[in-house]
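# Structural characterization, general
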Amino acid sequence: MVLLTGATGLVGQALLPRLLAEGQQVRCLVRDPRRLGEQRVRVQIALGDLADPPSFRNAMRGVDTVIHLACSTRDQPRGSIEELNGIASWRMVDAAQRAGAKRFVFLSALGASPHHRSRFFRAKALAERAVAESALDTIVLAPSLVYANGDRWMALLRRLSLLPVVPMCGSGRAQVQPIWVEDAAECIVAAMGSAYTQHERFELAGPETLTCARVAHVMLRASGRSRPLLRVPTPLVSRALRLLTRLGSGSLLPTWDEAELAAVTMTSRHGSAHAESLGVSPRPISAVLGVVL
Ligand SMILES: NC(=O)c1ccc[n+]([C@@H]2O[C@H](COP(=O)([O-])OP(=O)(O)OC[C@H]3O[C@@H](n4cnc5c(N)ncnc54)[C@H](OP(=O)(O)O)[C@@H]3O)[C@@H](O)[C@H]2O)c1
């Protein structure tokens, strides 16, 4: 039995059908089963929340592999970014060990480090450390930007493209190696199927190194709404978004912590080599989104 967290997210939605096609029995830890769509009748459901450790301890019964994808790029009413991504992952590893699971698969993020300027990346580094120090067999996959046609970043850019210029946090010079979500999901399945040492780590990157500004241009073109970008200094974005969050901008606008992610470099010196070692040749973003670079 596999316990999957984050099944309703971008990566989870691409991974779950692959696990089921392989004949795996899957239990999904979810806050709202309706968000699983038609897959909800093909899986066991465990209601749970990263902010509620007893809920995921219960979900571990009879599980041999945990695939932990769930994350939050913003503070939630029941938990901060640090609690939901760092401490909860540490507790998840602990619960898996206590429940007798054999293997823990964790999605980190390229560039996570304890000294990172972003709270999210610091929390991911804490989680990676808990995974690496556990007695379980572990696989950490650290992706660069994962994207899909119409994902939430593209949806945000589409909304912003109603303006004559699209505001962008910082210089736009931060670099990413975008990997298509279907390629990332294929890598996770392949990593689980390959022979591995007790603690394996793969960096998942696409074939191109692009600036965040370039990625935004490509996504805007793919949405049929090319617009010039307006680079806004990060202190200004930070102040404006913190204020709007306090005023209750809801989920329409990113929080400052989310906007900051668009100004963070996420590259691997291995490029797409780790993905290729898993038998996956990641596709260029232009090919996936159908635009000419
Ligand atoms: N997307 C990227 O560019 C990227 C880059 C690097 C690393 N990663 C990593 O890859 C993994 C998957 O990312 P993703 O893009 O698929 O994330 P996502 O689309 O934001 O989905 C997040 C998932 O976590 C769940 N979740 C959020 N808060 C929760 C809570 N309090 N309790 C239980 N579940 C909760 C969400 O469930 P609901 O449906 O209930 O909201 C959703 O299923 C994450 O660990 C992420 O850090 C992603």
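This text goes with the structure placed above it.
To keep things clear, this report deals only with the structure shown in the data block.

Okay, the side chain of Ser-108 next. Checked against the element boundaries, Ser-108 lands in the loop between strand S5 (103–107) and helix H4 (119–132). With residues up to four places along the chain from it excluded, the contact list for Ser-108 reads Lys-124, Glu-128, Val-140, Leu-141, Ala-142 and Pro-143.

As a further point, take the environment of Asp-94. Among the secondary structure elements, Asp-94 is positioned in helix H3 (residues 81–99). Judged by its relative accessible area of 28%, Asp-94 is partly exposed. Taking the C-alpha atoms as reference, Asp-94 lies 16 Å from Ala-70; in sequence the two are 24 residues apart.

As a further point, take the packing of aromatic side chains. What the rule picks out here adds up to one aromatic pair. With a centroid separation of 5.9 Å and an interplanar angle of 75°, the aromatic rings of Phe-120 and Phe-121 are classed as edge-to-face. Just as Phe-120 is buried, Phe-121 falls in that class too.

Before going further, it helps to spend a moment on helix H8 (residues 234–246). Taking 1.5 Å of rise per residue, 13 residues should cover 18 Å, and H8 covers 18 Å from first to last C-alpha, within 8% of that figure. When we look at burial in H8, the residues that qualify are Val-237, Ser-238 and Leu-241. Down the axis of H8, the smallest arc covering the buried residues is 100°, so these residues share one side. Residues of H8 that are exposed and point over 90 degrees away from its buried face: Arg-239 and Arg-246. For H8, the secondary structure elements touched by its buried residues are strand S8 (166–169), strand S13 (229–232) and helix H9 (256–261).

All right, on to the sheet that holds S5 then. Read from one edge of the open sheet, seven strands run S3-S2-S1-S4-S5-S6-S11, paired in parallel fashion. The strands lining the two open edges of the sheet, one partner per strand, are strand S3 (44–47) and strand S11 (199–204). With strand direction ignored, the average angle separating the axes of adjacent strands in the sheet is 15°. By the bridge criterion, four bridges tie strand S4 (residues 65–68) to S5 in an arrangement that is parallel. Paired with Val-66 across the strands is Phe-104, a residue of S5. The sheet contacts of H4 involve S5, strand S6 (137–143) and S11, and relative to S5 the element is tilted by about 160°.

Around the ligand lies a shell of 25 residues, among which Thr-8, Val-11, Arg-31, Arg-35 and Lys-124 are the nearest. Val-146 is positioned with one of its backbone polar atoms (N or O) 2.8 Å from an oxygen atom of the ligand. Contact with the protein chains covers 88% of the free accessible surface of the ligand, which is 900 Å². Mapped by element, the contributors of at least two residues to the shell around the ligand are helix H1 (10–21) and H4.

Cut-offs and rules
- Residues numbered from 1 in each chain as written.
- Predicted model: local features only at pLDDT ≥ 70, side-chain atom pairs only at ≥ 80, totals over all residues.
- Heavy atoms only, no water.
- Helix = DSSP H or I, 4+ residues; strand = E, 2+ residues; numbered from the N terminus.
- Contact = heavy atoms within 4.5 Å.
- Buried < 20%, exposed > 50% of the residue type's maximum accessible area, 1.4 Å probe, protein only.
- Phe/Tyr/Trp six-rings, centres within 6.5 Å; stacked < 30°, edge-to-face > 60°.
- Expected span 1.5 Å × (residues − 1).
- Arc of directions from axis to C-beta.
- Pairing = 2+ DSSP bridges.
- Axes fitted to C-alpha atoms, helices over the stretch in contact; angles between N-to-C directions.
- Near = heavy atom within 4 Å.
- Polar contact = N/O pair within 3.5 Å; in protein donor to acceptor, adjacent residues only side chain to side chain.
- Areas by Shrake-Rupley, 256 points an atom, 1.4 Å probe, with all protein chains shown as cover.

The quantities given are spatial measurements derived from coordinates; they are silent on function.
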